Amino acid sequence: DAKTTQPTSMDCAEGRAANLPCNHSTISGNEYVYWYRQIHSQGPQYIIHGLKNNETNEMASLIITEDRKSSTLILPHATLRDTAVYYCIVRVGGNQFYFGTGTSLTVIP
Amino acid sequence: DGGITQSPKYLFRKEGQNVTLSCEQNLNHDAMYWYRQDPGQGLRLIYYSQIVNDFQKGDIAEGYSVSREKKESFPLTVTSAQKNPTAFYLCAIGSSYNEQFFGPGTRLTVL
């Protein structure tokens with residue numbers, strides 16, 4: 001059973017903000033939302049995570065809805081190097097991070 | 001990466017052979033993980049270890065074995081019982097409540 005739902009692919013113009021949505025309607029109160037990205041043939045790279053409040057770091061911003069059933073990862077000024085597969089993950093207990101198939105983001109020059 | 005090393009980067013094996021993939025870390029993390037990734041797919045958990053001399057099966061442990069004799073090392077053996085071993089294998093470190101950090105991966109091809 002899927003824990004998160006993401007669009008399969010998205011395009012974004014270089015220099016514009018990339019907004020990647022994720023649905024996690026079954027999230028429970030103590031589960032964090034994590035975002036990773038994977039550039040082809042490399043290991044996934046941690047981006048950001050959050051529980052309730054919006055979060056921002058040097059890479060991205062994470063906006064979590066008040067009911068926590070969805071979130072959006074924002075890359076404020078996308079570059080060609082941001083082309084990657086982006087995974088939204090909700091920890092479902094224990095030690096496991098469930099990676100789905102993610103969103104393939106293509107940044108277009 | 002940055003403290004997590006996996007070797008080799010590319011590995012070829014003949015059918016019926018066991019092969020061991022290395023994962024080493026110098027970041028003093030207790031927890032280590034092995035994932036498998038097939039083309040166009042997400043990551044699937046094979047095994048994980050929270051402490052030395054202890055490890056747990058993930059979702060797809062059949063045909064694989066691990067050991068955790070040292071905190072720094074968590075090798076994965078792909079045995080001949082694994083029917084479709086060709087894949088990209090990723091090692092990660094981290095704790096249960098924080099982010100996981102991934103190594104560069106080993107691409108295994110069965111000839």
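Residues numbered from 1 in each chain as written. Chains lettered and ligands numbered in written order. Predicted model: local features only at pLDDT ≥ 70, side-chain atom pairs only at ≥ 80, totals over all residues. Heavy atoms only, no water.

S.K.: Give a detailed account of the overall build of chain B, specifying residues and quantitative values.
M.R.: Looking only at helices and strands, chain B has zero helices and 11 strands in total. Ordered by position from the N terminus, the helices and strands of chain B form the series β-β-β-β-β-β-β-β-β-β-β. A compact globule built from 111 residues should have a C-alpha radius of gyration of about 13 Å, and chain B, at 13 Å, falls within 12% of that. For the C-alpha atoms alone, the extent of chain B along its principal axes is close to 35 × 25 × 20 Å. Here chain B holds 111 residues, and 50% of them are scored as buried. For chain B, the accessible area works out to roughly 5500 Å², and carbon and sulfur atoms hold 48% of it. Of the charged side chains in chain B, 11 are positive and 11 negative; the average position of the first set lies 7 Å away from that of the second. (Helix = DSSP H or I, 4+ residues; strand = E, 2+ residues; numbered from the N terminus. Rg over C-alpha atoms; globule rule 2.2 N^0.38 Å. Buried < 20%, exposed > 50% of the residue type's maximum accessible area, 1.4 Å probe, protein only. Areas by Shrake-Rupley, 256 points an atom, 1.4 Å probe, with all protein chains shown as cover. Lys, Arg positive; Asp, Glu negative; His and termini not counted. Charge placed at Lys NZ, Arg CZ, Asp CG, Glu CD.)

S.K.: Describe the pairing of strand S4 (residues 45-50) of chain A, with residues and values.
M.R.: Residues and elements named next belong to chain A. One ladder, built from five bridges, connects strand S3 (residues 33-38) with S4; its direction is antiparallel. Across the sheet, residue Trp 35 finds its bridge partner in S4, namely Ile 48. The loop that links S3 with its antiparallel partner S4 comprises six residues; one of these, Ser 41, has a positive phi angle of about 65 degrees. (Pairing = 2+ DSSP bridges.)

S.K.: Describe in detail unusual backbone geometry, supporting the description with residues and values.
M.R.: The omega torsion across Ser 7 of chain B and Pro 8 of chain B is -5 degrees, close enough to zero to call that bond cis. In this structure, Pro 8 of chain B sits in the loop between strand S1 (4-7) and strand S2 (10-13). Positive phi outside glycine occurs at Ser 41 of chain A, with the angle close to 65 degrees. In this structure, Asn 53 of chain B takes a positive phi of about 65 degrees despite not being glycine. Counting through the fold element by element, Asn 53 of chain B comes out in the loop between strand S5 (43-51) and strand S6 (54-57). Classification of Asn 53 of chain B by relative accessible area gives exposed; the value is 63%.

S.K.: Could you give an account of the interface of chain A and chain B, with specific residues and numbers?
M.R.: On the chain B side, the residues contacting the 19 residues of chain A number 23 residues. Buried surface at the junction of chain A and chain B, summed over both partners, amounts to about 1600 Å²; 48% is from carbon and sulfur atoms. Taken together, the links from chain A to chain B amount to zero salt bridges. When residues of the side of chain A that touches chain B are traced back to their parent elements, those giving at least two are S3 and S4 of chain A. (Contact = heavy atoms within 4.5 Å. Buried area = accessible area lost by both parts, 1.4 Å probe. Salt bridge = Lys/Arg side-chain N within 4 Å of Asp/Glu carboxyl O.)

S.K.: Any chance you could break down the layout of surface pockets for me, citing the residues and the numbers?
M.R.: Residue and element names in this part refer to chain A. In this structure, the largest pocket spans a volume of roughly 380 Å³. Contributions of two or more residues to the lining of the largest pocket are made by strand S8 (84-90) and strand S9 (103-108). By residue class, the composition of the lining of the largest pocket is seven nonpolar, 12 polar and two charged. (1 Å grid on protein atoms, 1.4 Å probe; cavity = no way out; pocket = protein on both sides within 12 Å on 5 of 7 lines; lining within 4 Å. Points joined across faces, edges and corners; volume = space filled by probe spheres on them. Nonpolar A, V, L, I, M, F, W, Y, C, P; charged D, E, K, R; others polar.)

None of this, on its own, says anything about what the molecule does.
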